[in-house]
Every structure is written in C-alpha cells, then in structure tokens.
Amino acid sequence: MRERLRGIAPSILAADFGRLSEQVATVLGSGAPVIHVDVMDGHFVPPITMGPLAVEAIAEQVHDAGAAVDVHLMIERPERQVEAFAKAGADSITVHAEATPHLHYAVQAIHDQDCLASVALNPATPADAVAELAGDVDMVLCMTVNPGWGGQGFLEHSIGKLQRLRVLLGPDVSLEVDGGIDTGTARRCAEAGATVFVAGTAVFGAPDPATKVKELAAAIGGPPSS
C-alpha cells in the first residue's frame, strides 16, 4: 500500500489546460506533495470534466517529482471506473458515499488496485456515515462546499464536522478538505484535524501559484508536505 497523503494538494481543475504540464511543474517545484484531479460525470454533479487520459497525461511527471496523484471521483457508480484510473497512474482514489450502494465494495476495489482508498462526504452527509469503514479507509474527504459548483463560500459547519471525523477516524487516517480553501480556512481546518488541503482557484488563480502553495503550507503549520 502507498504512503498516506498529507499536505497541500493543488487541484488541476483550476489550472490552464493549455499550459497544464508547465503549471503542474510549477506547483511541484514549490513542494506540493499531491496533485488533485477532479473527475465529474454530468450526473452525480452537473459538470463534465476529465477522465483517465488526464491522469495518464500528468502521472509520470508527478511521480518523477516524488508526489502523488489524488483522484476524486464525483461520478455515479465509481466502483466501475476504479481500475481505469488506477491503470492511468492514480495513487489515491476517492469515491463518494452518496454515489454508490456498495461503498465497502468500492473501497475494496480501490485497495485491490494497490491504491489508497478514500471516501468523500457531501456537506449534508453526517460524519458517522463512514463509521463502519473507519478501519478500512486510508482517507476521508470532507467536502467543505457542495461538489460540482465553483465559486462557493466555505461552509462554516464543516469545522465541527472535521472535529467529529477526527475523533471517529483516530490519528492515523488522512482527513482531506475540498472547497473554499485559502490561507484562512486552511488554518482553521488544520486546527480541526484536517491533514490534506485541496486548493484550486486559490493556487492556480493566483499571480504566482508557487508562492501561494508556500503560503498555504505556512498557514497549516509547515512546509507543503508537513
């Protein structure tokens, strides 16, 4: 099994796809230990984004830098697509608790592909939805906005949910946050127990993405991977 994730995870959904390799190189060069890939199918969430080919396009570059590819499947019946993303180069694969009736099976399918297995919870899904999987997952993703819509503000109730998840999961499971993450919210999420911080617009929308990665890392109390 791969090493668990930690630190700042720039999301390429907000990158300039005409300069994707260059932008990925920039944030990797600033010390980002994780590159986050948001996959949307137009069903579970309204937008359609990218698939295994996008993962394959960046995987070698990310791995050569010693970083990990973190794939977030915002799709219906994600267990059907796990193998394709694993073969494309994913190190960690996240499935939504709300997207499949066979959540434990999906987690097993991810582990069968030698990837880290993560479960995402939408804002209205209670923390205890992962109680029966606490010993099986490598990470839980707490959505801090509703998935699929850009430009949303950070949901304040997420802080209490993160605290509950940390108690439920114990100290060894990674706890990821995604949505409305900037230096202020990243700091608060870290204090609540989060250890992986997805940032898209905050990084790639900044004049200097490399500097922004370092600022976010400082906000959570250390270098990008700590």
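One structure accompanies this document, and this report is about it. (Residues numbered from 1 in each chain as written. Predicted model: local features only at pLDDT ≥ 70, side-chain atom pairs only at ≥ 80, totals over all residues. Heavy atoms only, no water.)

**Thoughts on the pairing of strand β3 (residues 68–74)**
Strand residues, when the strand is regular, have side chains that alternate between the two faces of the sheet. Among the 7 residues of β3, 7 are classified as buried, and the element is accordingly described as predominantly covered. The two faces of β3 match: Ala68, Asp70, His72 and Met74 on one face and Val69, Val71 and Leu73 on the other face are all buried. Once the chain exits strand β2 (residues 34–40) it traverses helix α2 (residues 52–64) before rejoining the sheet at β3, and the crossover so formed is right-handed. (Buried < 20%, exposed > 50% of the residue type's maximum accessible area, 1.4 Å probe, protein only. Helix = DSSP H or I, 4+ residues; strand = E, 2+ residues; numbered from the N terminus. Right-handed = clockwise from strand over helix to strand, strands pointing away.)

**Describing helix α8 (residues 209–219)**
Three or more residues of α8 are buried, namely Pro209, Ala210, Val213, Leu216, Ala217 and Ala219. Contacts from the buried residues of α8 go to β1 (7–10), α1 (20–29), α6 (183–192), β8 (196–199) and α7 (201–204). The first or second residue beyond α8 is Gly221, which carries a positive phi of 100°. (Contact = heavy atoms within 4.5 Å.)

**Looking at the pairing of strand β4 (residues 92–96)**
Judged by how many residues are buried, β4 sits mostly within the fold: 5 of 5 residues are covered. The alternating pattern of β4 places Ser92, Thr94 and His96 on one face and Ile93 and Val95 on the opposite face, and all of these are buried. The sheet contact formed by β3 and β4 spans 4 bridges and is parallel. Bridging across to β4, His72 finds its partner in Thr94. As a crossover connection, the stretch from β3 through helix α3 (residues 82–88) into β4 is right-handed. Bridge count for β4 against strand β5 (residues 116–121) is 5 bridges, and the pairing is parallel. Paired with Ile93 across the two strands is Ala117, which belongs to β5. Handedness of the crossover joining β4 and β5 through helix α4 (residues 103–112) is recorded here as right-handed. (Pairing = 2+ DSSP bridges.)

**Some remarks on the pattern of salt bridges**
A side chain of one charge can pair with a side chain of the opposite charge when the charged atoms of the two come close. By the definition in use, this model includes 7 salt bridges. With a shortest N-O distance of 3.4 Å, Arg4 and Asp138 are connected by a salt bridge. One end of the pair, Arg4, is in the segment before β1; the other, Asp138, is in the loop between β5 and β6 (139–143), and 134 residues separate them in sequence. With a shortest N-O distance of 2.7 Å, Arg188 and Glu156 are connected by a salt bridge. Here Glu156 lies in the loop between β6 and α5 (158–169) and Arg188 lies in helix α6, a separation of 32 residues in the sequence. The partly exposed category is assigned to Glu156, whose relative accessible area is 49%. Put simply, Asp16, Arg19 and Glu22 are held in one network by salt bridges that share partners. (Salt bridge = Lys/Arg side-chain N within 4 Å of Asp/Glu carboxyl O.)

**What to know about the environment of Ala124**
Inspection of the secondary structure assignment puts Ala124 in the loop between β5 and β6. Look at Ala124 and you get exposed, because its relative accessible area is 77%. Sequence separation between Ala124 and Leu53 is 71 residues, and the spatial gap between their C-alpha atoms is 32 Å.

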